[in-house]
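Given next are the chains, with one letter for each unit.
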Amino acid sequence: GAVVSQHPSRVICKSGTSVKIECRSLDFQATTMFWYRQFPKKSLMLMATSNEGSKATYEQGVEKDKFLINHASLTLSTLTVTSAHPEDSSFYICSAIYRDEQYFGPGTRLTVT
Amino acid sequence: GESVGLHLPTLSVQEGDNSIINCAYSNSASDYFIWYKQESGKGPQFIIDIRSNMDKRQGQRVTVLLNKTVKHLSLQIAATQPGDSAVYFCAENGFGNEKLTFGTGTRL
C-alpha cells in the first residue's frame, strides 16, 4: 500500500510554454501532498505544501504564479510550470502523507529547451 | 535557518563491509528523523526512521543511531551489497510539523 505515482516521468517542452505534472496517491487518500524540486547531485528542496480543497502553501522564494498547484481531489495534486524557462529544468518529486508518513513519487524530469 | 547536513558527500566501501553514513542536524526541536535511499532518476525510498525518545533502532541490515547531545544521526548498513549503491539522505521534522527538511546527501 501507500503508492504514489507521477505523470509524466519525463517531459521536454519549449521555452515559454506551460507543462503540467500530476501526482496521484493510488491506494489511499491524501489531504496533504508536497512538491519538491531537485537539481542534479543536490538535495530535495520543498517548494510547496498542497492541501486538498484549499490553496497551496508555498515556501519562501517559490513563485506561486509560476508554479501553480491544484489539489482538486483526495488522490490528485497537479503542479503546472507556467511560461517555462531553461532554468526551470529540474527533477520534480511529489509526496503524500499516509498514516503520518511521507511516501514519495518516482519523480518527473522536466527539460526546457 | 535550521538545517540538516552530512559530513561526507561520497562513501566507497567494499562489498560485504559495513557502511556508516553520518548526518548532523541543527534544529534541537526536531523529534523525528528518517533515512531515505534514492537511486538515480527515482524518488526517495524510505529506509528507516527514529523518534527522539530513542537512541537506536534496527531494521533489516540497517541500524540508525541518534545522539541528541551532539545532534548527530547515523545510518549503518551491514554487509553492504552492490544494490545498496545510491544516494542516502537524512531528513527531519519537528513535532506537529509534517514538512521534512532534507540533508545534503551521501553517495554510497
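Report on the accompanying structure. (Residues numbered from 1 in each chain as written. Chains lettered and ligands numbered in written order. Predicted model: local features only at pLDDT ≥ 70, side-chain atom pairs only at ≥ 80, totals over all residues. Heavy atoms only, no water.)

### Describing the overall build of chain B
And step 1. Each helix and strand counted, chain B has zero helices and ten strands in total.
And step 2. Secondary structure elements of chain B occur, N-terminal to C-terminal, as β-β-β-β-β-β-β-β-β-β.
And step 3. Taken across its 108 residues, chain B has 44% of its residues classed as buried.
And step 4. Within chain B, contacts between residues at least 6 apart in sequence are counted, and of these 50% link residues at least 24 apart.
And step 5. Total accessible area computed for chain B in this model is approximately 5600 Å², and 46% of it derives from carbon and sulfur atoms. (Helix = DSSP H or I, 4+ residues; strand = E, 2+ residues; numbered from the N terminus. Buried < 20%, exposed > 50% of the residue type's maximum accessible area, 1.4 Å probe, protein only. Contact = heavy atoms within 4.5 Å. Areas by Shrake-Rupley, 256 points an atom, 1.4 Å probe, with all protein chains shown as cover.)

### Focus: the layout of surface pockets
And step 1. By volume, the second largest pocket is sized at about 440 Å³.
And step 2. If you trace the second largest pocket, you find 20 residues lining it, with Pro40, Lys41 and Lys42 of chain A together with Val87 and Arg107 of chain B closest to the centre.
And step 3. Of the residues contributing to the lining of the second largest pocket, the split by class is seven nonpolar, seven polar and six charged. (1 Å grid on protein atoms, 1.4 Å probe; cavity = no way out; pocket = protein on both sides within 12 Å on 5 of 7 lines; lining within 4 Å. Points joined across faces, edges and corners; volume = space filled by probe spheres on them. Nonpolar A, V, L, I, M, F, W, Y, C, P; charged D, E, K, R; others polar.)

### As for the pairing of strand β10 (residues 101-104) of chain A
All names here are of chain A.
And step 1. Burial of the side chains of β10 is restricted to one face: Gln102 and Phe104 are buried, whereas none of Glu101 and Tyr103 on the reverse face is.
And step 2. Judged from the four bridges that link them, strand β9 (residues 90-98) and β10 form a sheet pairing that is antiparallel. Each bridged residue has a counterpart across the sheet, and for Ala96 the counterpart in β10 is Tyr103.
And step 3. Connecting β9 to the antiparallel partner β10 that follows it, the hairpin turn spans two residues, and Arg99 within it adopts a positive phi of roughly 50 degrees. (Pairing = 2+ DSSP bridges.)

### Remarks on the nonpolar core
And step 1. The biggest cluster of nonpolar side chains holds 25 residues, and the ones touching the most others in it are Trp35, Phe67, Ile69, Leu79, Tyr92 and Leu110 of chain A.
And step 2. Listed by contribution, the elements that provide at least two residues to this core are β2 (10-13), β3 (19-25), β4 (32-38), β5 (44-51), β7 (67-73), β8 (76-81), β9 and β11 (108-112) of chain A.
And step 3. Those residues in contact with Tyr92 of chain A, other than ones at most four positions away along the chain, are Gln6, Ile21, Tyr36, Arg37, Met47, Phe67, Leu79, Gly107, Thr108 and Leu110 of chain A.
And step 4. Core analysis: the next-biggest nonpolar cluster, separate from the first, contains 18 residues, Ile21, Tyr25, Phe33 and Trp35 of chain B among them. (Core = buried A, V, L, I, M, F, W, Y, C linked by side-chain atoms within 4.5 Å.)

### Let's talk about the interface of chain A and chain B
And step 1. Facing 18 residues of chain A, the contacting portion of chain B comprises 16 residues.
And step 2. Each partner contributes to the roughly 1300 Å² buried at the junction of chain A and chain B, and carbon and sulfur atoms together form 55% of this total.
And step 3. Across the chain A-chain B interface, the total number found is one salt bridge.
And step 4. Of the charged contacts in the structure, one is a salt bridge between Glu59 of chain A and Lys99 of chain B, with a shortest N-O distance of 2.9 Å.
And step 5. Our enumeration of links across chain A and chain B arrives at five residue pairs in polar contact (both at pLDDT 80 or more).
And step 6. At the level of elements, β4, β5, β9 and β10 of chain A are the ones that each hand at least two residues to the side of chain A that touches chain B.
And step 7. Residue contributions to the side of chain A that touches chain B peak at four residues, all from β4 of chain A.
And step 8. When the residues that make up the side of chain A that touches chain B are grouped by side-chain class, the tally is nine nonpolar, six polar and three charged. (Buried area = accessible area lost by both parts, 1.4 Å probe. Salt bridge = Lys/Arg side-chain N within 4 Å of Asp/Glu carboxyl O. Polar contact = N/O pair within 3.5 Å; in protein donor to acceptor, adjacent residues only side chain to side chain.)

### Looking at the pairing of strand β8 (residues 87-94) of chain B
Residue and element names in this part refer to chain B.
And step 1. Counting buried positions along β8 yields eight of eight residues, so the element is predominantly enclosed.
And step 2. Every second residue of β8 is oriented toward a common face, with Val87, Phe89, Ala91 and Asn93 on one face and Tyr88, Cys90, Glu92 and Gly94 on the other, all of them buried.
And step 3. With eight bridges connecting them, strand β3 (residues 30-38) and β8 associate as antiparallel partners. Bridged to Lys37 within β8 is Tyr88.
And step 4. Sheet topology note: the β8/strand β10 (residues 106-107) ladder contains two bridges and is antiparallel. Note that in β10 the partner of Tyr88 across the bridge is Thr106.
And step 5. The pairing of β8 with strand β9 (residues 101-102) spans two bridges and is classified as antiparallel.

### Some remarks on the pattern of salt bridges
Residues and elements named next belong to chain A.
And step 1. Throughout the structure, instances matching the rule amount to five salt bridges over all chains.
And step 2. Ionic pairing is found between Arg24 and Glu22, a salt bridge with its closest N-O pair at 3.4 Å.
And step 3. Given a relative accessible area of 33%, Arg24 falls into the partly exposed group.
And step 4. Residue class for Glu22 comes out partly exposed when judged on its relative accessible area of 22%.
And step 5. With a shortest N-O distance of 2.8 Å, Lys66 and Asp88 are connected by a salt bridge. Placement of the pair is Lys66 in the loop between β6 (57-58) and β7 and Asp88 in the loop between β8 and β9, with a sequence separation of 22 residues.

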